[in-house]
Amino acid sequence: MIRIKGLWKSFGDNKVLKGVNLDIETGETIVVIGQSGCGKSVLMKTIVGLLIPDDGEIEIENVSLKNISRKKLLEIRKKIGMVFQSSALFDSFSVWENVGLGLIEHSKMSQDEIMRIAREKLKLVGLSDVEDMYPAELSGGMKKRVGIARAIAMNPQFVLYDEPTTGLDPIIADRINNLIIELQKELNITTVAVTHDIISAYKIADRIAMLYDGEIIFDGTPKEVQNTDNPYVQQFIKGEGEGPVSGGI
Ligand SMILES: Nc1ncnc2c1ncn2[C@@H]1O[C@H](COP(=O)(O)OP(=O)(O)OP(=O)(O)O)[C@@H](O)[C@H]1O
Ligand SMILES: [Mg+2]
């Protein structure tokens, strides 16, 4: 499981995370919702060790990331696949090289073997005959799926998705939702997603947690989210923005 305890993270005077507590059980899918800019991506990057918290702790399978050696952190990182908000594909690498990047860097596998795995993972996300293409030749939805194929290339136990459906049309978004559910079931992956897409959250989540003003202010099943009278949750799920722009899509 992943345990997040009293997590604080600031950038200068900007206090983004102000004591986030959250436990994620093995095999479950948890979705963190919250408005644009509330710190969802910061939370994800902190969980994978890309950002160091100012205070508090992350434990992954009872191992704290605090004061951990680089070697040990790399070992833990191999168990976690991350799908970045922007897909984060390397433009000068082909699709299969992007998918196999972790294996190219961290394994002694031959190029043929890595290509075979990349093709297999691309097939899992519903892409074929794209391995020799370059990211610039792909649509947004295809890039997302390549990002997911890369995240699962090293058979992770945990997959973190940062806005898996944002910016995609409803049909492709739903396909991505189904893919997340399938991967969780087929590979028994523990899934953490952050999104401001409440429809996606309802569809994929066992549990939904809301991040607001630096803290998790609500945590429950999709049904409990729909039935809560918590005003911040209500406002979010009804899409009532505080200013002229809401949702940040
Ligand atoms: N590397 C950084 N340096 C300085 N400030 C940062 C950095 N990363 C994030 N922030 C700030 O932290 C806050 C939260 O940003 P974050 O990207 O986590 O929001 P978010 O909830 O993911 O938003 P969105 O839904 O738009 O993706 C913002 O005020 C942002 O400016
Ligand atoms: Mg974000």
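Refer to the preceding data block for the structure.
Note that the structure is predicted; figures quoted are calculated from it, not measured. (Residues numbered from 1 in each chain as written. Chains lettered and ligands numbered in written order. Predicted model: local features only at pLDDT ≥ 70, side-chain atom pairs only at ≥ 80, totals over all residues.)

1. Considering the sheet that holds strand β7 (residues 158–162)
Spatial strand order, β6-β7-β8-β3-β9-β10: 6 strands in an open sheet with mixed pairing. Strands with a single pairing partner mark the edges of an open sheet, and in this sheet they are β6 (80–83) and β10 (215–220). Looking at each pair of strands side by side, their axes are set apart by 15 degrees on average, direction ignored. Pairing between strand β3 (residues 29–33) and strand β9 (residues 207–212): 4 bridges, direction parallel. Bridging across to β9, V31 finds its partner in I208. (Pairing = 2+ DSSP bridges. Helix = DSSP H or I, 4+ residues; strand = E, 2+ residues; numbered from the N terminus. Axes fitted to C-alpha atoms, helices over the stretch in contact; angles between N-to-C directions.)

2. Side note on the site of ligand 1
Among the 15 residues in the neighbourhood of ligand 1, the closest are listed as F11, S36, K40, S41 and V42. Sorting the residues of the shell around ligand 1 by element identifies β2 (14–24) and α1 (40–47) as the ones contributing at least two each. The greatest single-element share of the shell around ligand 1, amounting to 3 residues, is contributed by α1. In terms of residue class, the shell around ligand 1 is made up of 4 nonpolar, 9 polar and 2 charged. (Near = placed C-beta within 6 Å. Nonpolar A, V, L, I, M, F, W, Y, C, P; charged D, E, K, R; others polar.)

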